[in-house]
Amino acid sequence: MPEPTDRRYGPAPLPQPRGPVSAAVVEALRLAPHDLPADLGATLAPAGGDPLTDEDLQLTLFLCYELHYRGWTGVADDWEWQPSLLALRARAEAAFEGAVRRLVGPVPAVLPGGVPRALADLVDADDGPSLAAALQRRATLGQFREFATHRSIYHLREADPHSWGLPRLGGPAKAALVEIQMDEYGNGRLDRMHAELFRRTLDRLGLDTGYGVHLDRVPAVTLATNNLMSLFGLHRRLRGALLGHLAAYEMTSSLPNRRYGNGLRRLGLDEVATRFYDEHVEADAVHEQIAAHDLCGGLARTEPALVPDVLFGAAAALAVDRLFATHVLDRWARGETSLRDGGVLNGGTVAAPARLTAAVA
Ligand SMILES: [Fe+2]
Ligand SMILES: [Fe+2]
């Protein structure tokens, strides 16, 4: 049965709060835009905590950022530029960006001409656990559904965060970004948009395909992978990091996507279910070259001062994704769900039970 347009394309349903700050924001967003208490963010990122896995902080950031994408059901569009909410967002961003910079550490110093090689070296040196290998060889159907649930937050708006880069660039980097994004958006064909291909994968897995409907089920670390892209995309000063982030994604996509597709085939899913992953095997073998040489190499030539930011963005993408993969594989190794279903994570609330028994369509 076709879904109503609003559920497929957004806005997203407001999520359940995960702490005092996200609770205050959710409550405020239900009302007409108004000033938030100035001290609202004071309890964000308590000393000793990790902003990258702090449920309240990551959800607060996600609540603020989504206003720049599809927005929230029943929430006034004017909240997008409400000054006190922007001030709260800035406070959360400072904690988040600081944590990401500590996680990444120093990046190698390279000349503009060395950027493509340096990006390849960062990718080669990435020693994160292989979630793709686990999904290819041994994940259960329920675990694959969990993986798709985490990824739905990004894939149902795939490419949108990096599109923030377009008006911020000129010259060769802009041309390269357009070339990549054209493929991501199916060259203007709705049925070929990567977000729509993923919607079919979700459907085949028996999962709800509505925009943002799985938000309550994914933990802070999944939100962090998304918030990182929004942070880079929404700040012009971080445009170099945004392009580095996209390059890291493109350069680590082709082989894992082959593995995801093989994993689904092993589990008996059909070519409609695997098409999203199959498409990325081919497309990203090309995108990887464009991203390293034309996109990041092009930016490095025209704005050489941004070279450290490009490498920081790439390293940040790899590091935060490594945290995500570690979280998922650790939970699975303990025989637990990697979602928030049925358990209290980091002081958060308990979400609705998993739909892991849903039939495959
Ligand atoms: Fe894509
Ligand atoms: Fe791509």
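The preceding data block contains the structure.
Structural notes, computed from the coordinates. (Residues numbered from 1 in each chain as written. Chains lettered and ligands numbered in written order. Predicted model: local features only at pLDDT ≥ 70, side-chain atom pairs only at ≥ 80, totals over all residues. Heavy atoms only, no water.)

This brings us to the coordination of the iron ion (ligand 2). Protein ligation of the iron ion (ligand 2) involves Glu-184 (OE), Glu-250 (OE), Glu-250 (OE), Asp-284 (OD) and His-287 (ND1), the donor distances falling in the range 2.1 to 2.6 Å. Summarised as a motif, the one-chain spacing of the donors to the iron ion (ligand 2) is E-x65-E-x33-D-x2-H. Here the iron ion (ligand 2) and the iron ion (ligand 1) are spaced 4.2 Å apart, and both take Glu-184 as a donor. With Glu-250 in helix H12 (residues 239–251) and His-287 in helix H14 (residues 271–302), this residue pair connects regions lying 37 residues apart in the sequence. Residues Glu-250 and His-287 agree in their burial class; the two are buried. (Donors = N, O, S within 2.8 Å, 3.2 Å for Na, K, Ca; no water. Helix = DSSP H or I, 4+ residues; strand = E, 2+ residues; numbered from the N terminus. Buried < 20%, exposed > 50% of the residue type's maximum accessible area, 1.4 Å probe, protein only.)

A few words on the pattern of salt bridges. Under the criterion given, the structure shown has 20 salt bridges. The partner of Asp-321 in a salt bridge is Arg-151, with the nearest N and O atoms 3.9 Å apart. Within this pair, whereas Asp-321 is found in helix H15 (residues 307–333), its partner Arg-151 is found in helix H7 (residues 141–155), the two being separated by 170 residues in sequence. Across the pair Arg-265 and Asp-278 runs a salt bridge, and its minimum N-O distance is 3.2 Å. Taken together, the residues span a long stretch of sequence, with Arg-265 in helix H13 (residues 254–266) and Asp-278 in helix H14 at a distance of 13 residues. Classification of Arg-265 as partly exposed rests on a relative accessible area of 38%. One salt-bridge network, held together by shared partners, links Arg-18, Glu-55 and Arg-340. (Salt bridge = Lys/Arg side-chain N within 4 Å of Asp/Glu carboxyl O.)

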